[in-house]
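# Structure at a glance
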Amino acid sequence: MRGKLPQFVQSDDPMNHVPDRMTGTERLSVEPAADAAEWDRFVETVSGGTFCHLAGWQSVLGGVMGHATHYLTARAPDGSLEGVLPVVRLSSPLFGRRYVSVPYLNDGGPLGTTAGVERLVAEAELMAERDRATLQLRMRTGPVEAEASKVTVLLDLPDNPEELWKRLPSKLRSQVRRPQKAGMTTRFGADQLDAFYDVWSRNMLDLGTPVLGRSFFQEIVRTFPSYFEIGCVYQGDVPVAAGAGFFFGTEFEITWASSLRSHSASAPNMLLYWEFMSRAIERDARTFNFGRCTPGEGTHRFKLQWGGETVPLPWVNVPRADSAKSRGPGRSARLVSAAWQRLPLRVANLIGPVIARQLPWW
């Protein structure tokens, strides 16, 4: 039955500050969001809210990436907000039409009361059905039957970096000390955007993956100055590892991270993650989210070595028959990836964003 997905919310959760006033969906209306401040207040107080749900993503995904954005609200007859769902329409000749909540990020599914969520999901399914499109709801919690081809790793943070340091295995501590002994240093701030993008785009080329455009990150810096954090590890004046992520509530997620293969012997990525963890503790974060990865692969093992726990990302695809398209590149895409690696960096960064904005696995 369309919209019957109550597993997405925990309306009985005492941390959910939105009262479940409705016992059914028929009395709720769905309207486009008109007040960004009201939307963000809801996201910041409702159970399950993340930075991926914030209203500011409309300017990033709509204004910069050029996608149609539908930020839907479910309201009771008295006008009170019962739920929110950001949906972004992506269309390409190769991958067809898709509605995603939210693309390029790891979360963004429906929030609110059980009735509010059901009403919003039903509306999103109807939008996709009318457009002959698929629908993907990205979230950290979902129905048991939902697929979890991607996972994240969550690490509980102590009160200070010294305590975290004591937790680390001696081998891991020695790997962090290696770049420090090599004279590498770390810098944080919005002024690190260019250094971050240079490292990240070069690493994406090495991996054979088209990159998101520099303008995508520039708009994130402009839109989310208090949430977004960029950090770079330097060898002298040369950036050799870089990462970027978001603070929200008591959690920090490192969403993008890369290091240059030419400096892998000095393990700058180990220093990068350690410095981000230390900074997260200093900003009172209680959880370090390592971001999306594929279970069992090298990136997943790298994240687990810090002592965190694997958490599935049970994204829901409607219809389920089309869900394989969202898992990742197939054999033909891997062949294209191998050819992409041979491109000059300047060319890859010029045409990559045009391709990356359409890829279903971003």
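Above: the structure in question.
Residues numbered from 1 in each chain as written. Predicted model: local features only at pLDDT ≥ 70, side-chain atom pairs only at ≥ 80, totals over all residues. Heavy atoms only, no water.

### Here we look at the environment of Tyr 227
As a reminder, the rule being used: The helix and strand labels rest on DSSP assignments: H or I over at least four residues marks a helix, E over at least two residues marks a strand, and numbering proceeds from the N terminus. Only heavy atoms enter the contact rule, under which two residues are in contact if any of them lie within 4.5 Å.
Note on placement: Tyr 227 falls in the loop between helix H7 (214-223) and strand E9 (228-235). Once the C-alpha coordinates of Tyr 227 and Phe 246 are considered, the two residues, 19 residues apart in sequence, prove to be 5.2 Å apart. Residue contacts for Tyr 227: discarding those within four places in its chain leaves Glu 44, Leu 54, Gly 245, Phe 246, Phe 247 and Phe 248.

### Things to note about helix H6 (residues 193-207)
Short version of the rule: By definition here, a helix of n residues has an expected span of 1.5 Å times n minus one. Burial classification: accessible surface area is computed with a 1.4 Å probe over protein chains only, and a residue below 20% of its type maximum counts as buried, one above 50% as exposed, and the rest as partly exposed.
If you check H6, its first and last C-alpha atoms are 21 Å apart, about what 15 residues at 1.5 Å a residue would give, namely 21 Å. Along H6, the residues classified as buried are Leu 193, Ala 195, Phe 196, Tyr 197, Val 199, Trp 200, Ser 201, Asn 203, Met 204 and Leu 205. Gly 208 sits one or two residues past H6 and shows a positive phi near 80°.

### Section: the pairing of strand E11 (residues 251-259)
Quick reminder of the rule: When DSSP finds two or more bridges between a pair of strands, those strands are recorded as paired.
Within E11, 8 of the 9 residues are buried, leaving the element largely enclosed by the surrounding structure. Pairing of strand E10 (residues 238-248) with E11, which is carried by 8 bridges, proceeds in the antiparallel orientation. Within E11, the position partnered with Ala 242 by the bridge is Ser 258. Hairpin connection of E10 to E11: 2 residues between the antiparallel strands, including Gly 249 at a positive phi of 60°. Relative to strand E12 (residues 287-289), E11 runs parallel, the two being bridged by 3 bridges.

### What to know about helix H1 (residues 36-45)
Operational definition: An arc is given here, and it is the one of the directions from the helix axis to the C-beta atoms. Any pair of nitrogen or oxygen atoms within 3.5 Å is treated as a polar contact; in protein, a donor-acceptor pairing is required on top of that, and neighbouring residues in sequence qualify only through side-chain atoms on both sides.
By the burial criterion, the buried members of H1 are Trp 39, Phe 42 and Val 43. Buried residues along H1 cover an arc of 100° about the axis, so they all sit on one side. On its buried face, H1 is in contact with strand E2 (68-75), strand E3 (81-92), strand E5 (111-112) and E10. The N-terminus of H1 is capped by Asp 35, whose side-chain oxygen sits 3.0 Å from the backbone nitrogen of Ala 37.

### Regarding the sheet that holds E10
Going by this rule: The convention used is that axes are lines fitted to C-alpha atoms, helices contributing only their stretch in contact, and that angles between N-to-C directions extend from 0 to 180 degrees.
Judged by pairing direction, the sheet is mixed, and its 7 strands sit side by side in the order E8-E9-E10-E11-E12-E7-E13 without closing on themselves. Across the chains shown, the open sheet's two edge strands, defined by having one partner strand only, are strand E8 (185-188) and strand E13 (309-313). Averaged over all pairs of adjacent strands, the angle between strand axes in this sheet comes to 30°, irrespective of strand direction. Sheet topology places E8 next to E9; 4 bridges connect them, and they run antiparallel. Note that in E9 the partner of Thr 185 across the bridge is Tyr 234.

### Let's talk about the packing of H6 against H7
The test is simple: A crossing counts as left-handed when the near helix is turned anticlockwise from the far one by less than a right angle, and as right-handed when that turn is clockwise. We call Asp, Glu, Lys and Arg charged. Ala, Val, Leu, Ile, Met, Phe, Trp, Tyr, Cys and Pro are nonpolar, and the rest, Gly among them, are polar.
Here H6 crosses H7 at 145°, and the two axes come no closer than 11 Å. The handedness of the crossing between H6 and H7 comes out as right-handed. Between H6 and H7, the contacting residues are Leu 193, Asp 194, Phe 196, Tyr 197, Asp 198 and Trp 200 on the first element and Arg 214, Phe 217, Gln 218 and Val 221 on the second. When its residues are assigned to classes, the contact of H6 with H7 shows 6 nonpolar, 1 polar and 3 charged.

### Things to note about the packing of aromatic side chains
We describe a pair of aromatic rings using the distance from one ring centre to the other and the angle between the two ring planes. Rule in force here: The aromatic pairing rule takes the rings of Phe, Tyr and Trp, using the six-membered ring of Trp, and pairs them if the centres are within 6.5 Å, calling planes under 30 degrees apart stacked, those over 60 edge-to-face and the rest tilted.
Throughout the structure, instances matching the rule amount to 29 aromatic pairs. Taking 6.2 Å as the distance between ring centres and 80° as the angle between the ring planes, the aromatic pair formed by Phe 224 and Tyr 227 counts as edge-to-face. Ring geometry for Tyr 273 and Trp 306: centres 6.5 Å apart, planes at 25°, overall stacked. With Tyr 273 in helix H8 (residues 268-282) and Trp 306 in the loop between helix H9 (298-304) and E13, the pair connects residues that are 33 residues apart, well separated along the chain. The pair Tyr 273 / Trp 306 is uniform in exposure class, with both members buried.

### Focus: the packing of H6 against helix H11 (residues 345-356)
We apply this condition: Angle categories are assigned with fixed cut-offs, so that under 35 degrees is roughly parallel, over 145 is roughly antiparallel, 65 to 115 is roughly perpendicular, and the rest are oblique.
Interhelical geometry of H6 versus H11 gives an angle of 95° and a closest axis separation of 10 Å. Here H6 is positioned roughly perpendicular relative to H11, judged by the angle of their axes. Every residue of H11 that contacts H6 at Tyr 197, Ser 201, Arg 202 and Leu 205 is listed here: Leu 345, Ala 348 and Asn 349. Counted by class, the contact of H6 with H11 contains 4 nonpolar, 2 polar and 1 charged residues.

### Digging into the pattern of salt bridges
Pairing is possible between side chains that carry opposite charge, provided their charged atoms lie close to one another. Quick note on the threshold: Whenever a carboxyl oxygen of Asp or Glu lies within 4 Å of a side-chain nitrogen of Lys or Arg, that contact is scored as a salt bridge.
For the structure shown, the criterion picks out 12 salt bridges. The residue Arg 187 makes a salt bridge to Asp 237 at a minimum N-O spacing of 3.8 Å. Of the two residues, Arg 187 sits in strand E8 while Asp 237 sits in the loop between E9 and E10, which places them 50 residues apart along the sequence. When salt bridges with common partners are traced through the structure, they connect Glu 31, Glu 38 and Arg 75 into a single cluster.

### Points about the nonpolar core
Our working definition: For our purposes a nonpolar core is just a set of buried Ala, Val, Leu, Ile, Met, Phe, Trp, Tyr and Cys residues, chained together by side-chain atoms within 4.5 Å.
Ranked by internal contacts, the top residues of the largest apolar core, which has 49 residues, are Trp 57, Phe 196, Trp 200, Phe 216, Phe 217, Ile 220 and Trp 256. Elements represented by at least two residues in this core include exactly H1, helix H2 (57-64), E3, H6, H7, E9 and E10. With 7 residues, H6 is the largest single contributor of residues to this core. Once you skip the residues sitting within four places of it in the chain, Trp 57 turns out to touch Phe 51, Cys 52, Gly 62, Tyr 71, Leu 105, Phe 216, Ile 220, Phe 224 and Phe 246. Listed in part, the 30 residues of the second largest apolar core include Trp 165, Met 184, Val 233 and Phe 252.

### A look at the side chain of Asn 317
With respect to the secondary-structure elements, Asn 317 resides in strand E14 (residues 316-318). Since its relative accessible area comes to 10%, Asn 317 is described here as buried. A distance of 2.9 Å separates a polar atom in the side chain of Asn 317 from a polar atom in the side chain of Gln 136.

### Considering the environment of Val 199
Tracing the chain through its elements places Val 199 in helix H6. Judged by relative accessible area, Val 199 falls into the buried class, the value being 1%. Along the primary structure Val 199 and Ala 242 are separated by 43 residues, whereas in three dimensions their C-alpha atoms are 6.3 Å apart.

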